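Examination of the molecular architecture
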Amino acid sequence: MDFDKYQKEAFETAMEPSKNVFYMTMGLCGEAGEIANKVKKIMRDGKEADVADLKKELGDCLWYIAGMATVLGIDLGDVADSNLVKLKSRKDRGVIGGSGDNR
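Residues numbered from 1 in each chain as written. Predicted model: local features only at pLDDT ≥ 70, side-chain atom pairs only at ≥ 80, totals over all residues. Heavy atoms only, no water.

A short note on the overall build of the chain
Rules: Going along the chain from the N terminus, every DSSP run of H or I of four or more residues is numbered as a helix, and every run of E of two or more is numbered as a strand. In this setup the radius of gyration rests on C-alpha atoms only. A globule is expected at 2.2 Å times the number of residues raised to 0.38. Relative accessible area decides the class of each residue, using a 1.4 Å probe on protein chains only: under 20% of the type maximum gives buried, over 50% gives exposed, and in between gives partly exposed.
The helix and strand tally for the chain stands at 4 helices and 0 strands. In sequence order, the chain lays out its α and β elements as α-α-α-α. The globule rule puts the C-alpha radius of gyration for 103 residues at 13 Å, and the 16 Å found for the chain is more than 25% above it. Across the 103 residues that make up the chain, the buried fraction comes to 21%.

Here it is as structure tokens:
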């Protein structure tokens, strides 16, 4: 699916009180926390990952990321493109494994 199409259609499902950066940020943090908690339990219990369940949680994270981008007036496709440019540059310069935002 096209990122920009997803972004538009996903935001159409947002309720009016959620259409702000604060709600989207808190929702993203909550969903990322749910993924972390599920992975923690997989590690703790030595069980196989429920990939279908994690896929749903990743989808919830994507919804909040798309919503935050929409609220900020940023195209999700542009976010994806600029992220790849940044990562390829880091890889080419041999700093992909380093730390810090501006490397």
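Focus on the pattern of salt bridges
The criterion, for reference: Between Lys or Arg on one side and Asp or Glu on the other, a salt bridge is scored when a side-chain nitrogen of the former is within 4 Å of a carboxyl oxygen of the latter.
The full count for this structure, using the stated rule, is 6 salt bridges. We note a salt bridge from Glu16 to Lys19, for which the minimum N-O separation is 3.5 Å. Residue Glu16 is classed as exposed on the basis of its relative accessible area, which comes to 60%.

A word on a negative patch on the surface
Applied cut-off: Only residues whose relative accessible area exceeds 30% and that take part in no salt bridge are eligible for patches, with like-charged residues grouped when within 9 Å of each other and nonpolar side chains (Val, Leu, Ile, Met, Phe, Trp, Tyr) grouped when within 5 Å. Shrake-Rupley sampling with a 1.4 Å probe provides the accessible areas, and residues are treated as covered by the protein chains on show and by no other component. Here the positive residues are Lys and Arg and the negative ones are Asp and Glu; neither His nor the chain ends is included. The location of each charge is read from NZ of Lys, CZ of Arg, CG of Asp or CD of Glu.
A cluster of like negative charges, contributed by Asp2, Asp4, Asp75, Asp78 and Asp81, occupies part of the molecular surface. Mapped onto the elements, Asp78 comes out in helix α4 (residues 76-92). Here Asp78 falls in the partly exposed class, since its relative accessible area comes to 43%.

Examining the packing of helix α1 (residues 3-11) against α4
As a reminder of what qualifies: Axis lines are fitted through C-alpha atoms, for helices just across the contact stretch, and the angle between N-to-C directions can take any value from 0 to 180 degrees. Our angle categories are set so that under 35 degrees counts as roughly parallel, over 145 as roughly antiparallel, 65 to 115 as roughly perpendicular, and the remainder as oblique. Any pair of residues with heavy atoms lying within 4.5 Å of one another is described as a contacting pair. Residues are grouped as follows: Ala, Val, Leu, Ile, Met, Phe, Trp, Tyr, Cys and Pro are nonpolar; Asp, Glu, Lys and Arg are charged; every other residue, Gly included, is polar.
Contact geometry for α1 and α4: axes closest at 7 Å, N-to-C directions at 140 degrees. The angle between α1 and α4 falls in the class oblique. Contacts between α1 and α4 involve Phe3, Asp4, Tyr6 and Gln7 from the first element and Leu76, Gly77 and Ala80 from the second. Grouping the amino acids of the contact of α1 with α4 by side-chain chemistry returns 4 nonpolar, 2 polar and 1 charged.

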